[in-house]
Every structure is written in C-alpha cells, then in structure tokens.
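Residues per chain are reported as follows:
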Amino acid sequence: MADDTGTVDAVVIGAGFSGLYMLHKLRNQMGLTVRVFEAGGGVGGTWYWNRYPGARSDSDSYVYGFTFDEELWREWEWSERYPEQHEIRAYLEHVADRFDLTRSITFDTRVTGATFDEAANTWTVTTDTGETVVTRYVITAVGALSSSNTPPFPGIDSFAGETFHTGLWPHEGVDFTGKRVGIIGTGASAVQAIPLIAKEASDLTVFQRTANYIIPANNGPVPDEVKKARLDDYEGIRERIQNSYFGFELNLLESNAADATDEEIYETLKPRWDEGGFGIWLGSYVDIFFDDDANAKVRNFLHDRIREKVQDPATAELLTPKGYPFGVKRNPLDSGYFETFNEPHVHLVDVKSDPIAEITPTGVRLESGAEFAFDAIVYATGFDAMTGPMNKIDIRGRGGELLRDKWVEGPRTYLGLTSAGFPNLFTITGPQSPSVLSNMPVSIEQHVDLVARIIGDLRERAAATIEPTREAEDAWVQHCQDVVAPTLFQQADTWYMGANIPGKPRVFMPNLDFVGPYRAKCDEVVANDYEGFTITREGASA
Ligand code: N01
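Residues numbered from 1 in each chain as written. Predicted model: local features only at pLDDT ≥ 70, side-chain atom pairs only at ≥ 80, totals over all residues. Heavy atoms only, no water.

1. Notes on unusual backbone geometry
Move 1: Positive phi values are uncommon outside glycine, yet threonine 429 reaches one of about 45°.
Move 2: The topology assignment puts threonine 429 in the loop between strand 18 (425-427) and helix 15 (440-460).
Move 3: We note that serine 435 has phi near 40°; this positive angle belongs to a residue other than glycine. (Helix = DSSP H or I, 4+ residues; strand = E, 2+ residues; numbered from the N terminus.)

The following block contains the structure:
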C-alpha cells in the first residue's frame, strides 16, 4: 500500500517512546508504509506535555532509554542519575532524527476514531483535522498516563487567577515569583514540583487528600567509573532488565520482613533509603506485597524517616501515610519534599477530613467553610490512567462495537495487547500488561518487538487478521485478577484501581506477572502458533 493515497499498512497513534520505536520497526526495518499521528507539536509523549518544575523520570537514566540499538545506547550520555524532562525530550528528538522518523509523523493532530471494516479487513482512522486514512493495522502508542484528570470541582471556571495542570504545563514555563500558589494533589508530579514552586512562591498551600510513602531520589551526577562499568556491560544490563521483575536491575529479597527483627529490618532498609530510588520498594522484602504485618514493619521504618525530616509534629503526622499498605500505591521519589514543609511560607491542608467544596473566584473553599486566596492554582491531580487515553478515541471493532463500551466494567484484553472483536489492533503497554508496574521503556520495547513479530508473521502467511478468541481473553482477564488477588494491591485507592476517577470501575488494571515472566508468556504464545488467537485469511471471517 502506498503512503500518499490515504492508505497505509499501519497507523500508529502517538509519538512518544512507543510510537517512535514502532515506526522505526515497521517502516525502517520491515518496509511497511506507516502514518503516525501525534496530538502534540513534537515528539516525546509524556515528556512533551509534562513540563512542570522538577519533572524527571524516577527510573535511573541508564535504564530509561532504548536498548534495541547498541550504538544509540552508547552515544547518548545522560547528565544525572535520573533524566530530567528536557533531556528525555532531547533524547527522543535525537532518536527521531537518527532514524529519520519525523517525516512519517503528523503533529498537532489527534486521532478521533478508528472503525474496522469487516468486508475489507481494514481500519478507517479519522483525525480532528479531518483526515481519513485506511490501514491494515492500528497500533495505539498513547501512553498509560496521557489523559489528564482535573476533578470537576464546582466553580472551577470561576477562578480569576491562573490555573495549570502538571500534565499540560505551558511550554514557556511559569514564573511563580512572589505569588500565592495553591497546589491540589500530592502524587509523584506534585512531589517533584512542590519543592521548586516553593522556592519561587511567596506563599504555597498544599492540599493533600492522601499522604504518600515518599522515598528520596538521591539524584546527582553518576561517577565516571560507574558509567564506564555500565558501558562495558550493555548485553548484561539489557538481559537483566528484560528478565527482571520490574524492568530495573532490582531483585526482591528472598528473606521475609515477617521473619526479621527490628534491627534486621533497619539494616536492610536503611542502605536502600540512603541509596535512594526504588530499591526500598522493588528490591526489598517480597512479603510486604502479601502480608500486612510484614508490610507494617517497613511502614514503621518509613514513618520514622518522616518524623526525622519534618520539624512540626502535627505536620509530620499529617504527612504520614495511613490506612493503606506501603508499596501498593506508586511511590513518588523526592528531592527535598518533606523539608519543604519546614519553610514558614509552605502550608499543608488536609482535604481528606475537610474536602474541597468549590473553587471560588479568589481561590479554594473547603466544606468547613475555610477559604484560601491564591494568584495561581496548580492541579497536580493526575490522570485517567491506562484505559482513559484509549477510551477517548471512538474505536469500533466488529459489529460496530465500541471499545469503551466493551471496557465499561474494566479493560478486557488478551495479554494486555489485543482485544477480541478488534482485529489487528495492538495496544502498546495497554491495560492488563505489566506497563505502569515496570520501567516503561523496557515494557515498550518488548511490546513493540512483539507487535512487529506478529505483523511480520501475518504478512508472511498472507493472513488478513489476528485477534484473540473470547475464551483466551476471558482467561487472561481472570488470570490478571487471580495474580493480584493474594496481594495487598487492591486495598488502596489508587489510579492502578481506577479509584481516582469518580465512576470508574474499581479494577486493578496492570498485569502483575512481572516483566520477565510476562515476556516469556508472550514468547510462548507465539511459539505455540499464536495460542489463543484466531488468524484469518483474506475474504474469510473470524
Ligand atoms: O498523579 P497522582 P501524578 N481532591 O494520581 C489528588 C507517573 N509519574 O500526576 O491520592 C483532592 O499520583 C490525589 O489524591 P489521592 C507516576 O506513575 C511519573 O502525581 O487520590 N485531591 C493525588 O494526591 C505517577 O504515579 C513521574 O487521594 C485530589 C493527586 O491528586 C503517575 O504519573 C512523575 C482529588 C494525584 O496524584 C501520576 O502521578 C510524575 C480531589 N478531588 C508522575 N483528585 C516520574 O517518573 C485527585 N487528587 C517522574
């Protein structure tokens, strides 16, 4: 199929990590014609939109990039332990240039719909700029956290000052110097932004609904000898992260917190705390994910650290998470978050006990009647995660079924990559894959490689479509529930559970098989001649 007729082999939605690599794979390596549509004005996805102060990845930079090309991996040098937003965007621009990707990407264009034509076995993709493209394959590379959530507070449009959402930050930046700022939310975005906004604002009020377990990032330059050792170990690092639990070089301990004395707990956790990063979470005792008593031992350690950092006991108490286990809500990493609350111009307001009633022309009013006046309000209120970006698009499969209708009780997929009744539609790091429970670039590479493999096989067989059977899908949905059931993950109100969006079904959305075993499962499906899938030939129906 040719590029210039409105007909292509594949349409990719999104030009972040996933979309860029998918384009490279399909167009450069396999020779397909591909159109990529990207809502932003440049490449980067998450890193195009999330430009709030302090935005950086919580993954160590040496594993926060592509590994599919050794030269690319070697030639890009990150400046710090964690890559900062500008740097990640520059990296992705470099990737786009290096592989000549931009010419196949249409920017400032949002895909509004994709409809499957059962007679032709093609998809018709429409955009908000009025384009229509017919294609054999649709790959959603829309990201799990790209549909920003601003709670529908009454009066939200009445505020006379400036408002910002962390996930849609102005490109030119924001100067808060001398301003009275209110920030709603204390998730990973807020935890990064608050210390920096506090440096500029004359007065900063933080509205907290749920205190988070927050771990030091311990960011800084990486010593030269560490950099060199990593450069010498490309194959090893790649192999280890691909077969790991979470896409990092972190392994859960074989020993249990339940069996450990308080001293042993301290000796195990303190070096991980000092090291910073996810080691205290994803490289710690395995039983903290299953056993609340074991989990409580780690919680106690973390509570002590908060009391060490926050001077005012009442504020420390409010910043201490309660009512849910450690590690089942995404832990933010911080650089001076707790210490910021020692500043006299920074105030913490508990909106769990006294929720926000409305946004007023001058600021925020709580249910108790307490009022706060601001020059600017920052919504650090997160995203309609995982299913949100997919559900924004009118994706119609066989019989005109809308994907969002099919998913009304929660996502239904096979392997988190495909959905029955939606042939040749692939969802990179979609719900029910490890996705957000992993270091994303690792899972993205795995899914992109898998999709390319599937499409290559289909073309070799001159097949028209692939889609999962309802039985395989039902079994996968059940499997995802079975894996999470014995864990503590479902006890907390998290965006993993859809709990941050009023009315969203309460379903644990990621897959908890872990990165390595999930990869092995996908490989097994392919090796078993696409077990669980139906493959049709041209002219045949499923
Ligand atoms: O969003 P969040 P985020 N009234 O959903 C609060 C990734 N990320 O943008 O916890 C009052 O975590 C809400 O309260 P509660 C990362 O995976 C990565 O910070 O629901 N408050 C919460 O405090 C992360 O997990 C990186 O009770 C309300 C906050 O808003 C994910 O993105 C950096 C409210 C939202 O926190 C999302 O993080 C940043 C209401 N009505 C983000 N509604 C890096 O790797 C919501 N809240 C660097």
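2. Structural notes on the site of the ligand
Move 1: Close contacts around the ligand come from 24 residues, with Arg56, Ser189, Arg209, Thr210 and Lys329 the closest.
Move 2: Note that an oxygen atom of the ligand is positioned 3.0 Å from one of the backbone N or O atoms of aspartate 58.
Move 3: Within the side chain of arginine 209, an N or O atom sits 2.8 Å from an oxygen atom of the ligand.
Move 4: Protein coverage of the free-state accessible area of the ligand, which is 910 Å², stands at 88%.
Move 5: Considering each element in turn, the shell around the ligand owes the most residues, 3 residues, to helix 5 (residues 188-200).
Move 6: For the shell around the ligand, the class distribution of residues is 10 nonpolar, 9 polar and 5 charged.
Move 7: Split by domain, the residues of the shell around the ligand number at least three in each of domain 1 (7-147 + 385-541) and domain 2 (162-379). (Near = heavy atom within 4 Å. Polar contact = N/O pair within 3.5 Å; in protein donor to acceptor, adjacent residues only side chain to side chain. Areas by Shrake-Rupley, 256 points an atom, 1.4 Å probe, with all protein chains shown as cover. Nonpolar A, V, L, I, M, F, W, Y, C, P; charged D, E, K, R; others polar. Domains from an automatic or database assignment.)

3. Describing helix 5
Residues lying three or four places apart along an α-helix face the same way, a consequence of the helix completing one turn every 3.6 residues.
Move 1: Its maximal kink placed at isoleucine 194, helix 5 deviates by approximately 35°, while the proline proline 195 follows within four residues.
Move 2: Restricting attention to buried positions, one finds in helix 5 the residues Ser189, Ala190, Val191, Gln192, Ala193, Ile194, Pro195, Ile197 and Ala198.
Move 3: If you follow the buried residues of helix 5, they end up packed against strand 8 (180-184), strand 9 (203-208), strand 11 (333-334), helix 12 (337-340), strand 12 (346-350) and strand 16 (376-379). (Bend = angle between axes of the 7 residues up to and from the residue. Buried < 20%, exposed > 50% of the residue type's maximum accessible area, 1.4 Å probe, protein only. Contact = heavy atoms within 4.5 Å.)

4. Quick look at the sheet that holds strand 16
Move 1: Here 5 strands make up an open sheet; going across it, the order is 7-16-8-9-12 and the pairing parallel. At either end of the open sheet lies a strand with only one pairing partner, and these are strand 7 (162-165) and strand 12. Each adjacent strand pair in this sheet contributes to an overall mean axis angle of 20°, direction not counted.
Move 2: Examined bridge by bridge, strand 7 and strand 16 share 4 bridges and lie parallel to one another. Residue pairing for strand 16: phenylalanine 164 is matched across the bridge by valine 378. (Pairing = 2+ DSSP bridges. Axes fitted to C-alpha atoms, helices over the stretch in contact; angles between N-to-C directions.)

5. Here we look at the pattern of salt bridges
Move 1: This model, assessed by the stated rule, comprises 36 salt bridges.
Move 2: The salt bridge involving glutamate 80 is made with arginine 56; its shortest N-O contact spans 3.0 Å. Within this pair, whereas glutamate 80 is found in the loop between helix 3 (70-75) and helix 4 (85-98), its partner arginine 56 is found in the loop between helix 2 (46-49) and helix 3, the two being separated by 24 residues in sequence.
Move 3: For arginine 56, a relative accessible area of 21% gives the class partly exposed.
Move 4: Close ionic contact of glutamate 473 with lysine 406 constitutes a salt bridge, the shortest N to O distance being 2.8 Å. Of the two residues, glutamate 473 is situated in helix 16 (residues 470-484) and lysine 406 in helix 14 (residues 403-406); the sequence distance between them amounts to 67 residues.
Move 5: Judged by its relative accessible area of 1%, glutamate 473 is buried.
Move 6: Since its relative accessible area comes to 10%, lysine 406 is described here as buried.
Move 7: Linked through salt bridges whose partners overlap, the residues forming this network are Asp69, Glu71, Glu75 and Arg98. (Salt bridge = Lys/Arg side-chain N within 4 Å of Asp/Glu carboxyl O.)

6. A word on the side chain of arginine 89
Move 1: With respect to the secondary-structure elements, arginine 89 resides in helix 4.
Move 2: Classification of arginine 89 by relative accessible area gives buried; the value is 17%.

7. Things to note about the packing of aromatic side chains
Move 1: In the structure shown here, the tally under the stated rule is 41 aromatic pairs.
Move 2: Pairing phenylalanine 489 with phenylalanine 508 gives two aromatic rings, centres 5.4 Å apart and planes at 55°, and the pair type is tilted. Remark: phenylalanine 508 occurs in the loop between helix 16 and helix 17 (515-527) and phenylalanine 489 occurs in the loop between helix 16 and helix 17; sequence separation between them is 19 residues.
Move 3: The exposure class of phenylalanine 489 is buried, given its relative accessible area of 4%.
Move 4: Taken together, Phe17, Tyr21, Trp47, Tyr64, Phe66, Phe68, Trp76, Trp78, Tyr91 and Phe99 form an aromatic cluster joined through their ring pairs.
Move 5: Note that arginine 51 overlies the ring of tyrosine 48, its terminal NZ or CZ placed 4.8 Å from the centroid.
Move 6: The ring of tyrosine 62 carries the charged tip of arginine 230 above its face, separated from the ring centre by 3.6 Å. (Phe/Tyr/Trp six-rings, centres within 6.5 Å; stacked < 30°, edge-to-face > 60°. Lys NZ or Arg CZ within 6 Å of the ring centre and 35° of its normal.)

8. So, the sheet that holds strand 13 (residues 356-359)
Move 1: Strands sit in the order 13-14-15 across an open sheet of 3 strands; the sheet is antiparallel. A single partner strand is all that each edge strand has here, and the edge strands are strand 13 and strand 15 (371-373). If you compare each strand with its neighbour and ignore which way they point, the axes differ by 20° on average.
Move 2: As paired elements, strand 13 and strand 14 (residues 363-366) share 3 bridges and run antiparallel to each other. Within the sheet, the bridge partner assigned to isoleucine 356 lies in strand 14 and is leucine 366.

9. Overview of the domain arrangement of the chain
Move 1: As assigned here, the chain comprises domain 1 (7-147 + 385-541) and domain 2 (162-379).
Move 2: One C-alpha centre belongs to domain 1, the other to domain 2; they are set 28 Å apart.
Move 3: Across the boundary between the two partners, domain 1 contributes 46 residues, which contact 52 residues of domain 2.
Move 4: Summing the contributions of domain 1 and of domain 2, the shared interface buries around 4300 Å²; its carbon and sulfur component is 59%.
Move 5: Contact with domain 2 buries area across many residues of domain 1, yet Asp58, Arg81 and Leu488 alone supply 16% of it, more than any other trio.
Move 6: Along the contact surface separating domain 1 from domain 2 lie 4 salt bridges. (Buried area = accessible area lost by both parts, 1.4 Å probe.)

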